[in-house]
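Each chain, written out:
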Amino acid sequence: MLKGKNILLCVSGGIAAYKMADVASILYKLEADVHVCMTKNAEKFITAETFSVLTKNKVYSDVFDENPDDYVNVPHISLGTNADLILVAPASADIIGKLAGGIADDMVSTVVLPARCPILIAPSMNVYMYENRIVQDNLKKLKNFGFKIIEPATGHLACGYDGKGKLPSPEALVEEILLEVSSEKDLAGKKILVNAGPTCESIDPVRFITNHSSGKMGYALAKAAALRGGEVTLVSGPVSLDTPAGVRRIDVVTAQDMYEAMTENAPDNDIIIMAAAVADYTPVNTADQKIKKSDGDMQIELKRTNDILKTVGASKKKNQKIIGFSMETENLLENSRKKLDSKNCDMICANSLRTPGAGYQVDTNIITLITKEGNTELPLMSKLEAANKIFDHILEM
Ligand code: CTP
């Protein structure tokens, strides 16, 4: 995903510097050309050798270091100017202050100044240092200058305090990098609404009716759209997946919650994709207390939920594109095409539960894209690849 991209990691002095070895390694495996520069204090937490072994590139921590193969381009300038993206992580209060003040007195603060590429700053420090108004003011200043600030995570900090100040996981940092540089931004300026996952309909405080949806297809769509520069809102039923970087997530539980969130957000969006497995029926009554068993059988009376796709399709605006999903166990194409008309969609993504490699829980899918013009069969691919194919098709439409 990062072939041909030059990514510069700027590591400053904080205990979370150890996480940057994983970041460097993941980026290298994604085929980026990874460079690292460090402050002298960062070297107290992790060695330059760790990074040079992982990246196969020389690591710099001294402004006067030369590149023995190239005496023309001095590293304290060329590292920043050659980069497609810079990540400063962990960004200590000190380096944030220097960058905000335009000071260049160590390798990290110096390489950032001449850079022309996107620069991400991942603050990591003690919670009270992070909340300090001077640090916050410096971060605001960097944001106004066009730096992107990655919010620290909250949790137990190495200094013994609990609070905000943790460096996000290496995977989350890599997601932020991918968001900036991995794809062509052909969805820039487009607002995209996706729903995902199952809904849960309560019978009593203990039991509920749900389905096997894992949310993976909808999350892959949200991720692909964000990577391609779209402004993405994800309405999610209960799933155990991380929110893709750059995506606004609204959590819902029931079909009615999902109906309300989708109908409220739909009018503002250009592309609406319904990948959620919404319950078609919900209990007429939900008991306040746990239902105790009796000797005989029991029946649960169910009523129909709203069909969200049909509702949104009925008030479709001229320039909106609405895409539904269809999961069938028989007569896949015939049944799915009926949904294209009855729900007023531009496309139905049909997937069969009976085909190996497609359906719930798995990371792959086999989809047929059904439009008024005809059917396009996609082969077995990852859900992220399938999501990208779906967006390619939407853009062609
Ligand atoms: N859908 C919806 N609201 C519902 C049920 C389904 O918006 N109450 C959407 C799904 O998110 C999907 C599409 O409608 O995009 C088709 O869903 P599917 O379950 O395959 O079909 P149904 O319309 O529910 O019809 P059936 O269950 O009879 O196959």
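Residues numbered from 1 in each chain as written. Predicted model: local features only at pLDDT ≥ 70, side-chain atom pairs only at ≥ 80, totals over all residues. Heavy atoms only, no water.

How should the pattern of salt bridges be read in this particular structure?
Side-chain pairs of opposite charge can arise where the charged atoms are in close proximity. Per the counting criterion, the structure on display carries 17 salt bridges. One salt bridge connects Lys-216 with Asp-363, and the closest N-O pair in it is separated by 3.1 Å. Residue Lys-216 is found in helix α9 (residues 216-227), and its partner Asp-363 is found in the loop between β17 (347-352) and β18 (364-365); the two are separated by 147 residues along the sequence. For Lys-216, a relative accessible area of 25% gives the class partly exposed. Given a relative accessible area of 52%, Asp-363 falls into the exposed group. Via salt bridges that share partners, Asp-94, Lys-98, Asp-105 and Asp-106 belong to a single interconnected network. (Salt bridge = Lys/Arg side-chain N within 4 Å of Asp/Glu carboxyl O. Helix = DSSP H or I, 4+ residues; strand = E, 2+ residues; numbered from the N terminus. Buried < 20%, exposed > 50% of the residue type's maximum accessible area, 1.4 Å probe, protein only.)

Any chance you could explain the packing of aromatic side chains here in plain terms?
To describe a pair of aromatic rings, you give the distance between the ring centres and the angle between the ring planes. As enumerated under the stated definition, the model contains one aromatic pair in all. The interplanar angle of 75° and the centroid separation of 5.3 Å between the aromatic rings of Tyr-128 and Tyr-161 together place this pair among those described as edge-to-face. Here Tyr-128, found in helix α6 (residues 127-131), pairs with Tyr-161, found in the loop between β6 (153-156) and β7 (162-166); they are 33 residues apart in sequence, far enough to count as distant. Using a relative accessible area of 53% as the deciding quantity, one classes Tyr-128 as exposed. The ring of Tyr-28 has Lys-56 sitting right over it, with the charged end atom 5.2 Å from the ring centre. Taking NZ or CZ as reference, Arg-304 lies 5.8 Å from the ring centre of Tyr-281, over its face. (Phe/Tyr/Trp six-rings, centres within 6.5 Å; stacked < 30°, edge-to-face > 60°. Lys NZ or Arg CZ within 6 Å of the ring centre and 35° of its normal.)

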